[in-house]
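Take a look at the letters that make up each chain.
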Amino acid sequence: MTDEGAGRRRAVPAAAKPASRVRMSAAQRREQLISIGRQVFAEKGFDATSIEEVASRAKVSKPVVYEHFGGKEGLYAVVVDREVRALLDRITTALTAGHPHELLEQAALALLTYIEEETPGFRVLVRESPLMSATGNFSSVMNDVGHQVEHILGAEFSSRGYDPKLAELYSQALVGMVALTGRWWLEVRKPRKETVAAHLVNLAWNGLSHLEATPGLITRKRA
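Cut-offs applied
Residues numbered from 1 in each chain as written. Predicted model: local features only at pLDDT ≥ 70, side-chain atom pairs only at ≥ 80, totals over all residues. Heavy atoms only, no water. UniProt positions renumbered as here; feature names shortened; annotations may be inferred. Helix = DSSP H or I, 4+ residues; strand = E, 2+ residues; numbered from the N terminus. Salt bridge = Lys/Arg side-chain N within 4 Å of Asp/Glu carboxyl O. Buried < 20%, exposed > 50% of the residue type's maximum accessible area, 1.4 Å probe, protein only. Patch = residues over 30% accessible without salt bridge, like charges linked within 9 Å, V, L, I, M, F, W, Y side chains within 5 Å. Areas by Shrake-Rupley, 256 points an atom, 1.4 Å probe, with all protein chains shown as cover.

By the naming in an unreviewed UniProt entry, the chain is Transcriptional regulator, TetR family, taken from Micromonospora halophytica.

So this is what it looks like as structure tokens:
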């Protein structure tokens, strides 16, 4: 063989070794499965979601999912619990103002921001499922927020000479209005969230007989 032929033979690169797959720790795998489960539950709901699909998207076998959560119900419970805590934390953290008008603005805007930024999580919360209970769904979150609003309204009612016992009724009405509007806005996404929040507060604060033609958020004006 000539030197030229040998050079051509040496020029052929060796076959690359297949890259080894990085092995996840148990904690990393659990977080991956929760994230994938959240997305699938948001897309399909509880009934239509299968362990097979979650495992397929995670590129693991079904026993891996069962090992971490015991089944679909266990995975779903973890996903819902996280979303409940995330939404409640977001809303309660937003309630920083001293005036009830601004507090209502902050609560409405916090919910709409959560819907905007965590759409899959919100879809999981508002979908119906056999596992829904009084302590693990969107209604429970809104009920918790309602109790906080109740305390705020109770103090306001007392200062104005109204019956503070009615604070619970009004708090549930206000929170329910914001929650149902949020579910509607989840699909339409217009007008912008600040406008939606301003109109919600306009109705809640001024009532139908004293609506402002072009309401704005007091909180945003002061910022």
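Engineer: Explanation requested: the UniProt feature "DNA-binding region" (unreviewed entry) in the chain in the structure shown.
Structural biologist: In this structure's numbering, the residues bearing the UniProt feature "DNA-binding region" (unreviewed entry) are residues 50–69. The annotated region residues 50–69 carries 80% helix and 0% strand content, and the separation between its end C-alpha atoms amounts to 13 Å.

Engineer: I'm lost on the pattern of salt bridges in this one. Help?
Structural biologist: Side chains that carry opposite charge are capable of pairing whenever their charged atoms lie near each other. Taken as a whole and judged by the stated rule, the model has 13 salt bridges. Between Arg 38 and Glu 118 there is a salt bridge, with its nearest N and O atoms 2.8 Å apart. Taken together, the positions of Arg 38 in helix 2 (residues 26–48) and Glu 118 in the loop between helix 6 (100–117) and helix 7 (119–126) put the pair 80 residues apart, joining distant regions of the chain. Residue classification places Arg 38 among the buried residues on the basis of a relative accessible area of 18%. We note a salt bridge from Arg 57 to Glu 53, for which the minimum N-O separation is 2.7 Å. Here Arg 57 and its partner Glu 53 are both found in helix 3 (residues 51–58), four residues apart, which amounts to about one turn of the helix. Look at Glu 53 and you get buried, because its relative accessible area is 19%.

Engineer: Any chance you could explain a nonpolar patch on the surface here in plain terms?
Structural biologist: Together, Leu 166, Leu 169 and Tyr 170 line one region of the surface with nonpolar side chains, adding up to about 300 Å² of accessible area. Position of Tyr 170 relative to the elements: it lies in helix 9 (residues 167–188).

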